[in-house]
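Understanding the architecture of this molecule
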Amino acid sequence: MRFVAVLACLLRISVFAAETDQQRVDQIFAAYDKPGSPGCALGVIRDGAFVYRKGYGQASLELGVPLSSESVFYMGSVSKQFTAASVVLAAEQGFLSLDDNIRKYIPELPDYGHPVTLRQMLHHTSGFRDVLSPLYLSGRDAADLHPKNELIDLVARQKALNFNPGDEFQYSNANYFLLAEVVSRATKKPFSEFAAENIFQPLGMVHTRFYDDHTLVVPGRIPAYAPGKSGSFLVNWSTNYDKVGDGGLMSTIDDLLLWDRNFYENRLGKGTLLKEMQTRGVLNSGKQIGYALGLELDNYRGLPIVEHTGGLFG
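Anyway, here's the lowdown on the structure attached to this text. (Residues numbered from 1 in each chain as written. Predicted model: local features only at pLDDT ≥ 70, side-chain atom pairs only at ≥ 80, totals over all residues. Heavy atoms only, no water.)

Take the overall build of the chain next. Of regular secondary structure, the chain possesses nine helices and twelve strands. Scaling as 2.2 N^0.38, a compact globule of 314 residues should have a C-alpha radius of gyration of about 20 Å, and the chain matches this with 20 Å. Referenced to the eigenvectors of the C-alpha coordinate spread, the extents of the chain come out at roughly 55 × 45 × 35 Å. Counting the 314 residues in the chain, one finds 50% classified as buried. (Helix = DSSP H or I, 4+ residues; strand = E, 2+ residues; numbered from the N terminus. Rg over C-alpha atoms; globule rule 2.2 N^0.38 Å. Buried < 20%, exposed > 50% of the residue type's maximum accessible area, 1.4 Å probe, protein only.)

With that settled, consider the packing of helix α5 (residues 148-156) against helix α6 (residues 173-187). Running from amino to carboxyl end, α5 crosses α6 at an angle of 120°, the nearest separation of the two axes being 11 Å. Taken together, the axis directions place α5 and α6 in an arrangement best described as oblique. Considering the relative orientation of α5 and α6, their crossing is left-handed. Residue-level inspection shows K148, L151, I152 and V155 of α5 in contact with α6, the latter providing A174, F177, L178, E181 and R185. (Axes fitted to C-alpha atoms, helices over the stretch in contact; angles between N-to-C directions. Parallel < 35°, antiparallel > 145°, perpendicular 65-115°, else oblique. Left-handed = near helix turned anticlockwise from the far one by under 90°. Contact = heavy atoms within 4.5 Å.)

The full count for this structure, using the stated rule, is ten aromatic pairs. Each ring, one from F82 and one from W259, has its centre 4.3 Å from the other, and the planes form 35°; the classification is tilted. Placement of the pair is F82 in helix α2 (residues 79-92) and W259 in helix α8 (residues 253-265), with a sequence separation of 177 residues. Assessed through its relative accessible area of 5%, W259 is described here as buried. Pairing F191 with F210 gives two aromatic rings, centres 4.8 Å apart and planes at 55°, and the pair type is tilted. You can see F191 sitting in helix α7 (residues 191-203) and its partner F210 sitting in strand β7 (residues 209-210), a full 19 residues away along the chain. Residue classification places F191 among the buried positions, given a relative accessible area of 5%. Sitting over the ring of Y211, R221 keeps its end group 4.6 Å from the ring centre. (Phe/Tyr/Trp six-rings, centres within 6.5 Å; stacked < 30°, edge-to-face > 60°. Lys NZ or Arg CZ within 6 Å of the ring centre and 35° of its normal.)

Spatially, the three strands line up as an open sheet ordered β6-β10-β7, and their pairing is antiparallel. The open sheet terminates on both sides in strands that have one partner only, identified here as β6 (73-74) and β7. One ladder, built from two bridges, connects β7 with strand β10 (residues 249-251); its direction is antiparallel. When the sheet's bridge partners are listed, R209 is paired in β10 with M250. (Pairing = 2+ DSSP bridges.)

Moving on, we get to unusual backbone geometry. It is generally the case that most residues other than glycine have a negative phi and that most peptide bonds are trans. Residue K188 is not a glycine yet carries a positive backbone phi of 60°. For K188, the position within the fold is in the loop between α6 and α7. Despite not being glycine, R301 shows a phi value in the positive range, around 50°. Structurally, R301 is set in the loop between β11 (296-300) and β12 (303-307). Given a relative accessible area of 75%, R301 falls into the exposed group.

This model, assessed by the stated rule, comprises twelve salt bridges. The residue E276 makes a salt bridge to R119 at a minimum N-O spacing of 3.7 Å. You can see E276 sitting in helix α9 (residues 273-277) and its partner R119 sitting in helix α3 (residues 118-122), a full 157 residues away along the chain. A residue is classified by how much of its surface remains accessible, and E276, at 24% relative accessible area, is partly exposed. Taken together, the shared-partner salt bridges connect E108, K148, E181 and R185 into one network. (Salt bridge = Lys/Arg side-chain N within 4 Å of Asp/Glu carboxyl O.)

This part takes up the nonpolar core. Within the largest apolar cluster, 76 residues are counted, with the highest numbers of intra-cluster contacts made by F82, F128 and W259. When residues in this core are grouped by element, the largest group, nine residues, is from α6. What F128 contacts, discounting residues up to four positions off in sequence, is I102, L109, Y112, V116, M121, V155, L161, N162, S172, A174, N175 and L178. (Core = buried A, V, L, I, M, F, W, Y, C linked by side-chain atoms within 4.5 Å.)

This part takes up α2. Over its 14 residues, α2 runs 20 Å from end to end, which matches the ideal 20 Å to within 8%, given 1.5 Å per residue. Extensive coverage of α2 is indicated by the burial of 13 of its 14 residues. Count one or two residues on from α2 and you reach G94, which has phi positive near 85°. (Expected span 1.5 Å × (residues − 1).)

Next up, the structure:
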């Protein structure tokens, strides 16, 4: 859906004046901060702690439950940085190398005449076409339940790449969907389990998981909403959507604070994670791109920023 009516927002800023800035932030979300409206959960971080944390609107219109920093959101493509972290941590443990050919782990993919490396996939320079677009083109709903093997076969039936690996940057969900499968096959355990053991549990992110089982009950999970007619809202629980890697992360504002802290504490793995994740991709021409590993690097008013958006459903 094109309209976002429920979202989580986590910001790190250097200055946040107490009452004045809080009032200005509240004004941004005022239209949603009322009974009968979905809204937003917000966290603002300074020096590793929240300086402002608030929920606007309802987590459940059916039950009248308010949003809070403990509400569990579907995070969309924010998931990609956690997938990238899993790949790096698996490499540290000797299960794989970032410069391995994808066909070493998923041999059912065709030989494109050029090796496609995991590193190129992490930087979206592989040339793989998106896994979602063929679903739309075939008239199927990407939000429906699609078994993992069906989606791998969908990618494998595309006999050509969009360009030679490393020649260009083109964002493609197929890259990160396949990377999750690589981690699973290389480590011989479900991708969600590897991420939990190596990221979420060590950091204490107890309400965060990769949602790879559509039968699973997730306490605190909120539905997605989109605008309906005459000011009403349409609900989409999306509980049958359990594709992970490119998406699939469920998390909270409170848990994302712990993830943010790790960018300063570097507690995971053997110490290479943060440097790898924040290294820009390089094309065959030698040109650097703004995409690192599941993260986008840029500047805002002269200051470096690290970011990634995410959106799906409501």
